[in-house]
Amino acid sequence: DVVLVESTYGDRDHPTDDQGNELAVVIRETAARGGKVVIPAFAIGRVQELLYWIRRLERERRIPVLPVYVDSPMASEALRFYTQRVHELDPDMQPSGKPGSHDVSTFATARFQVIASPQQSKELTASRKPGIVISSSGMPTGGRVLHHLASALPDPRNTVLLVGFQAEGTRGRQLLEG
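So, here's what we can say about the structure. (Residues numbered from 1 in each chain as written. Predicted model: local features only at pLDDT ≥ 70, side-chain atom pairs only at ≥ 80, totals over all residues. Heavy atoms only, no water.)

## Some thoughts on the overall build of the protein
Here's step 1: The helix and strand tally for the protein stands at six helices and five strands.
Here's step 2: What you see in the protein, going N to C, is helices and strands ordered as α-β-α-β-α-β-α-β-α-β-α.
Here's step 3: Counting across all 178 residues of the protein, residues that qualify as buried make up 41%.
Here's step 4: The contacts in the protein between residues at least 6 apart in sequence include a share of 75% that link residues at least 24 apart.
Here's step 5: Surface accessibility of the protein: about 10,400 Å² in total, with carbon and sulfur atoms responsible for 54%.
Here's step 6: Treating the 21 positive side-chain charges of the protein as one cloud and the 21 negative ones as another, the clouds have centres 10 Å apart. (Helix = DSSP H or I, 4+ residues; strand = E, 2+ residues; numbered from the N terminus. Buried < 20%, exposed > 50% of the residue type's maximum accessible area, 1.4 Å probe, protein only. Contact = heavy atoms within 4.5 Å. Areas by Shrake-Rupley, 256 points an atom, 1.4 Å probe, with all protein chains shown as cover. Lys, Arg positive; Asp, Glu negative; His and termini not counted. Charge placed at Lys NZ, Arg CZ, Asp CG, Glu CD.)

## What to know about the packing of aromatic side chains
Here's step 1: For the structure on display, the rule yields two aromatic pairs.
Here's step 2: Ring centres of Tyr52 and Trp53 lie 5.5 Å apart, and the angle between their planes is 80°; on these two criteria the pair is classed as edge-to-face. In this pair, the class of Tyr52 matches that of Trp53, namely buried.
Here's step 3: Pairing Tyr82 with Phe107 gives two aromatic rings, centres 6.1 Å apart and planes at 90°, and the pair type is edge-to-face. Of this pair, Tyr82 sits in helix 3 (residues 73-84) while Phe107 sits in the loop between helix 3 and strand 3 (112-114), and the two are 25 residues apart along the sequence.
Here's step 4: Judged by relative accessible area, Phe107 falls into the buried class, the value being 2%.
Here's step 5: Arg80 extends its terminal NZ or CZ atom over the ring of Phe81, reaching a point 4.6 Å from the ring centre. (Phe/Tyr/Trp six-rings, centres within 6.5 Å; stacked < 30°, edge-to-face > 60°. Lys NZ or Arg CZ within 6 Å of the ring centre and 35° of its normal.)

## Quick look at unusual backbone geometry
Here's step 1: Of note, the bond from Ser136 into Ser137 is cis; its omega dihedral lies within 30 degrees of zero at 15°.
Here's step 2: Examined against the element boundaries, Ser137 turns out to sit in the loop between strand 4 (131-135) and helix 5 (145-152).
Here's step 3: The phi dihedral of Gln19 is positive, around 60°, even though this residue is not glycine.
Here's step 4: Relative to the elements of secondary structure, Gln19 occurs in the segment before helix 1 (21-32).
Here's step 5: Looking at Gln19, the relative accessible area reads 35%, which means it is partly exposed.
Here's step 6: Of note in this structure, Arg61 is not a glycine but carries a positive phi near 60°.
Here's step 7: You can call Arg61 exposed: its relative accessible area is 73%.

## A look at helix 1
Here's step 1: Its 12 residues give helix 1 an end-to-end C-alpha distance of 16 Å, which sits within 8% of 16 Å, the value for a rise of 1.5 Å per residue.
Here's step 2: Every buried residue belonging to helix 1 is among Leu23, Ala24, Ile27 and Thr30, and all of these are buried. Angularly, the buried residues of helix 1 cover 140° about the axis, an arc narrow enough to put them on a single face. For helix 1, the exposed residues lying more than 90 degrees away from the buried face are Glu22 and Ala32.
Here's step 3: At its buried positions, helix 1 is contacted by strand 1 (36-40), helix 2 (46-59), strand 4 and strand 5 (159-160).
Here's step 4: Just downstream of helix 1, Gly34 is the residue with a positive phi angle, here 80°. (Expected span 1.5 Å × (residues − 1). Arc of directions from axis to C-beta.)

## Looking at helix 5
Here's step 1: If you check which residues of helix 5 are buried, you get Val145, His148, Leu149, Ser151 and Ala152. Down the axis of helix 5, the smallest arc covering the buried residues is 165°, so these residues share one side. Facing away from the buried side of helix 5 by more than 90 degrees, the exposed set consists of His147 and Ala150.
Here's step 2: On its buried side, helix 5 packs onto strand 1, strand 2 (68-71), helix 4 (118-126), strand 4, strand 5 and helix 6 (171-176).

Encoded structure:
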């Protein structure tokens, strides 16, 4: 018998789950400075996990209610499929509310917005208002996130939060290494 397993992160020790504490600290500190949290994220899986945690932290009043933007056509489309199949997710990810209540969607925060067009993306990039911007690609090698980084990085009020593996030779690894 043979078991073949692909494991991108198999050679790393992972910290124990902190129940969103580090994420909450980053969001609170950035909001207190009046900045944006720009999160390069993989469109499938990571964006949805981030939205789950941000929503949870918001509901638990561990972070302020901020606008949360998903600026990635692929992530937006994936989110539609995740939402349609939310009943297949882990029980803690399933909404507990009834239609018409504020607790219908697993992924929608209080001020959630999908950025649908390039024009909306440009307007968001130009905005200096506090908020959370989740955009692809996760390492960030391309996509709309590049415009958000170019705009956000010069302003010390903002935070770029890398939430996934950053392979050698990628822009994300360069940011991670300073």
